[in-house]
Amino acid sequence: QVLSGSTKFQMIVTSGASSYGPSNPSCGSGHTCAIDTTGKAWCWGINSTGQLGNNTLNNSSTPQSVYSTRKFIDITAGSNYTCAVDTTYHAWCWG
């Protein structure tokens, strides 16, 4: 859950999302990211500098798939950026 001004973002896992079992969600200044059970990264919240990693600058209150074919094992949301480590231990950052 992230609070940004009067906007509240909350992660909700629904029973219909079988592969979306977020691992270690990370909260930045106005966005949150997590990795699902398949290694796919998801981010949502404020996207003023591209920190959601979905090739837009649009804010989103729902999880957006990070534009990458890589599988990730760790993710960290910073102030206006996100960094993740893939399964080959390479670091990737966006935002």
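Please read these numbers as outputs of a predicted model, since none were measured by experiment.

Draft legend 1. Local environment of the confidence of the model for the protein. Mean pLDDT over the protein: 84, with 76% of residues reaching 70 or higher. Contacts of residues 1-10 to residues separated by more than four positions or lying in other chains number 23 contacts, the stretch itself having pLDDT below 50. Within the model, the stretch residues 12-18 combines pLDDT values under 50 with 2 contacts to residues more than four positions away or in other chains.

Draft legend 2. Just unusual backbone geometry, in detail. The backbone phi angle of asparagine 55 is positive, close to 60 degrees, even though this residue is not glycine. Relative to the assigned elements, asparagine 55 resides in the loop between β5 (41-45) and β6 (60-65). On the accessibility criterion, asparagine 55 (61% relative accessible area) is exposed.

Draft legend 3. Fine view of the pattern of salt bridges. Per the stated rule, a full pass over the model turns up 1 salt bridge. Residues aspartate 86 and arginine 70 are paired through a salt bridge, measuring 3.6 Å at the closest nitrogen-oxygen approach. Note that aspartate 86 is positioned in strand β8 (residues 82-86) and arginine 70 in the loop between β6 and β7 (72-77), a separation of 16 residues in sequence. Overall, the relative accessible area of 39% leaves arginine 70 in the partly exposed class.

Draft legend 4. Structural context of the side chain of serine 60. By the secondary structure assignment, serine 60 is in strand β6. Within the local environment of serine 60, its side chain forms a polar contact with the backbone oxygen of threonine 62, the two atoms lying 2.7 Å apart.

Draft legend 5. Representation of the state of the cysteines. Taken as a whole, this structure holds 2 disulfides when the rule is applied. Here cysteine 33 is linked by a disulfide to cysteine 43, with a sulfur-sulfur distance of 2.1 Å. Judged by the sign of its S-S torsion, about 110 degrees, the cystine formed by cysteine 33 and cysteine 43 is right-handed. You can see cysteine 33 sitting in strand β4 (residues 31-35) and its partner cysteine 43 sitting in strand β5, a full 10 residues away along the chain. Accessibility classification places cysteine 33 together with cysteine 43 in one group, the buried group. Paired through a disulfide, cysteine 83 and cysteine 93 show a sulfur-sulfur distance of 2.0 Å. The S-S bond linking cysteine 83 to cysteine 93 shows a torsion near 110 degrees; that makes this disulfide right-handed. Pair noted here: cysteine 83 is in strand β8 and cysteine 93 is in strand β9 (residues 91-94), with a separation of 10 residues, a long-range link. What makes cysteine 83 partly exposed here is its relative accessible area of 23%. If one numbers only the bonded cysteines of the protein, in the order they occur, the disulfide pattern is 1-2, 3-4. Unpaired in terms of disulfides, cysteine 27 finds its nearest cysteine sulfur in cysteine 33, a separation of 9.1 Å.

Reading guide: rules and limits
Residues numbered from 1 in each chain as written. Predicted model: local features only at pLDDT ≥ 70, side-chain atom pairs only at ≥ 80, totals over all residues. Heavy atoms only, no water. pLDDT = per-residue confidence, 0-100. Contact = heavy atoms within 4.5 Å. Helix = DSSP H or I, 4+ residues; strand = E, 2+ residues; numbered from the N terminus. Buried < 20%, exposed > 50% of the residue type's maximum accessible area, 1.4 Å probe, protein only. Salt bridge = Lys/Arg side-chain N within 4 Å of Asp/Glu carboxyl O. Polar contact = N/O pair within 3.5 Å; in protein donor to acceptor, adjacent residues only side chain to side chain. Disulfide = S-S within 2.5 Å.

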